[in-house]
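Geometric and topological summary
Chain by chain, the residues:
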Amino acid sequence: MAKMVPVVLCGGSGTRLWPRSRKSFPKPFLPLIGETTLFEATLQRCADADSFLPPIVVTGESHLAHVDDQLGDPPDAGIIVEPMARNTAAAIAMAACRLAPDSVMLVCPSDHHIADVQAFERSARQAAALADDGWLVAFGITATAPETGYGYIKRGEPIGPGAYQVERFVEKPDLDRAREFLADGGYSWNGGLFAFRADRFMEELEAHRPSIAAAARKAAEMGREEGRRFHPDADAFAAIESESVDYAVMENTTRAAVVPASMGWSDIGSWTSLRDALLRDGEGNTVNGRAELVDCSNVYVETDGPRVSVIGLDDVVVVVDGDEVLVTTAAGAQKVGKLQGAARQ
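Residues numbered from 1 in each chain as written. Predicted model: local features only at pLDDT ≥ 70, side-chain atom pairs only at ≥ 80, totals over all residues. Heavy atoms only, no water.

1. Observations concerning the nonpolar core
Basically, it comes down to this: What we call a nonpolar core is a set of buried Ala, Val, Leu, Ile, Met, Phe, Trp, Tyr and Cys residues that are connected through their side-chain atoms within 4.5 Å. Working definition: with a 1.4 Å probe on protein chains only, accessible area under 20% of the residue-type maximum means buried, over 50% means exposed, and in between means partly exposed. Where helices and strands are cited, they refer to DSSP runs of H or I of at least four residues and of E of at least two residues respectively, numbered from the N terminus. Residue contacts follow a heavy-atom distance rule, with two residues in contact if any of their heavy atoms lie within 4.5 Å.
The biggest cluster of nonpolar side chains holds 44 residues, and the ones touching the most others in it are Met105, Phe196, Phe201, Leu205 and Met250. When residues in this core are grouped by element, the largest group, eight residues, is from helix 3 (residues 87-98). Apart from the residues lying within four places of it in its own chain, the contact partners of methionine 105 are Val5, Val7, Ile92, Ala95, Ala96, Leu99, Phe194, Ala195, Phe196, Ala198 and Phe201. Of all hydrophobic cores here, the second largest spans 34 residues; its members include Val137, Phe181, Val259 and Met263.

The following block contains the structure:
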């Protein structure tokens, strides 16, 4: 089996975990679970030389210092520096243009948590083998709750042990539909992890979004190298339409496959999802910093200094970071990014 090239997508606006996560220091670069940052943990999952080649990190100018600091100096690692954000289709296309055509890319968001690394490695090897045969492979995360914040993948006909054609991709559902998907058992969460051969990805992009493919090729051809950094041509890159890989390619190709994966995955997309990924006490509470909880359940407290005292509350998040204080119910945690403090950084 061909070794995989990890393509690590690294960016973010730092709004959903505000005030801890900031635009200048978004969640990939924070040690939210243990002492390792989410970005460092992503790299570590893809460090086995028997399965993986050196990574390519796709990021923006504003995050370069963090990437350089946390990437370290692995031999032959590369960084593609996007001159502006143009979503995941463009980011993956830039990596594909920089690789040998038969390279198998393992596309990994840099800000997700995966608890079971061995399960991830098994799924990655299975996805890589399918990608090497020309499939465009999505990881189908085992759904454990009727989540309305994720897109879903409907499994179709089997194409091998533990692998299926994609019947369809489904937008984020309302709660009733999410419950139906969970009861059906044939739906998985779309976790944003993919495996493609570089040439097959570009073929599909050219078939369904020819303008994006052409602009990406031009940006790569006219770009410049600076040590391990590659800077795409800014004018050509600016012409790329901003679109996700799901819309541009995966929902259009007839060669979409899904590998179901149960690996303790979380996108850490809100304070409640971070709470759920961390160890909790017998009442479901999680405390990081100086705090006292009395008659509380499912309460998350994080403070970088001031003592926090909470009495008689359930399903509440309290975060103190510098001169900012956030208090929200669990249900309101999805709206944190809309607060003025988060949106106007």
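2. Observations regarding the environment of cysteine 296
Topologically, cysteine 296 is positioned in the loop between strand 15 (291-294) and strand 16 (300-303). Residue class for cysteine 296 comes out buried when judged on its relative accessible area of 7%. Between the C-alpha atom of cysteine 296 and that of methionine 222, which follows or precedes it by 74 residues, the distance is 59 Å. Discounting chain neighbours no more than four positions away, the residues touching cysteine 296 are Glu283, Asn285, Val310, Ile311, Gly312 and Leu313.

3. Looking at the sheet that holds strand 19 (residues 324-329)
Formally: Any two strands are treated as partners once DSSP identifies two or more bridges connecting them. Lines are fitted to the C-alpha atoms to define the axes, a helix being fitted only along its stretch in contact, and any angle between axes, read from their N-to-C directions, falls within 0 to 180 degrees.
Pairing is mixed across the open sheet formed by four strands, whose spatial order is 14-16-18-19. Each having just a single partner strand, strand 14 (286-288) and strand 19 make up the two edges of the open sheet. Ignoring which end each strand starts from, the neighbouring axes of this sheet average 5° apart. Alignment of strand 16 against strand 18 (residues 316-321), held across four bridges, turns out to be parallel. Pairing of valine 301 across the sheet is with valine 318, part of strand 18.

4. With respect to the UniProt feature "domain: MannoseP isomerase/GMP-like beta-helix" (unreviewed entry) in the protein chain
Selection criterion: UniProt positions are given in the numbering used here, feature names are shortened, and annotations may be inferred rather than shown by experiment.
UniProt records the feature "domain: MannoseP isomerase/GMP-like beta-helix" (unreviewed entry) at residues 293-338, using the numbering of this structure. For the annotated span residues 293-338, helix accounts for 0% and strand for 48% of the residues, and the straight-line distance between the end C-alpha atoms is 28 Å.

5. Points about unusual backbone geometry
Cis peptide bonds are those with omega within 30 degrees of zero, and the linkage from tryptophan 18 to proline 19 qualifies with 10°. A positive phi angle, close to 70°, is found at aspartate 76, a residue other than glycine. Relative to the elements of secondary structure, aspartate 76 occurs in the loop between helix 2 (64-71) and strand 3 (78-82). With relative accessibility at 70%, the residue aspartate 76 sits in the exposed group. If you check the backbone angles, aspartate 295 has positive phi at about 55° while not being a glycine. With respect to the helices and strands, the residue aspartate 295 is situated in the loop between strand 15 and strand 16. Judged by its relative accessible area of 68%, aspartate 295 is exposed.

6. Brief notes about the pairing of strand 7 (residues 152-160)
In the sheet, strand 7 pairs with strand 8 (residues 163-170) via six bridges, with the strands oriented antiparallel. Bridge assignment links glycine 160 to a residue of strand 8, and that residue is alanine 163. Where strand 7 folds back on strand 8, the antiparallel hairpin that results is connected by two residues, among which glycine 162 adopts a positive phi of roughly 70°. Of the strand pairs in this sheet, strand 7 and strand 9 (residues 187-197) are connected by three bridges, and their pairing is antiparallel. The residue of strand 9 that forms the bridge with tyrosine 152 is tryptophan 189.

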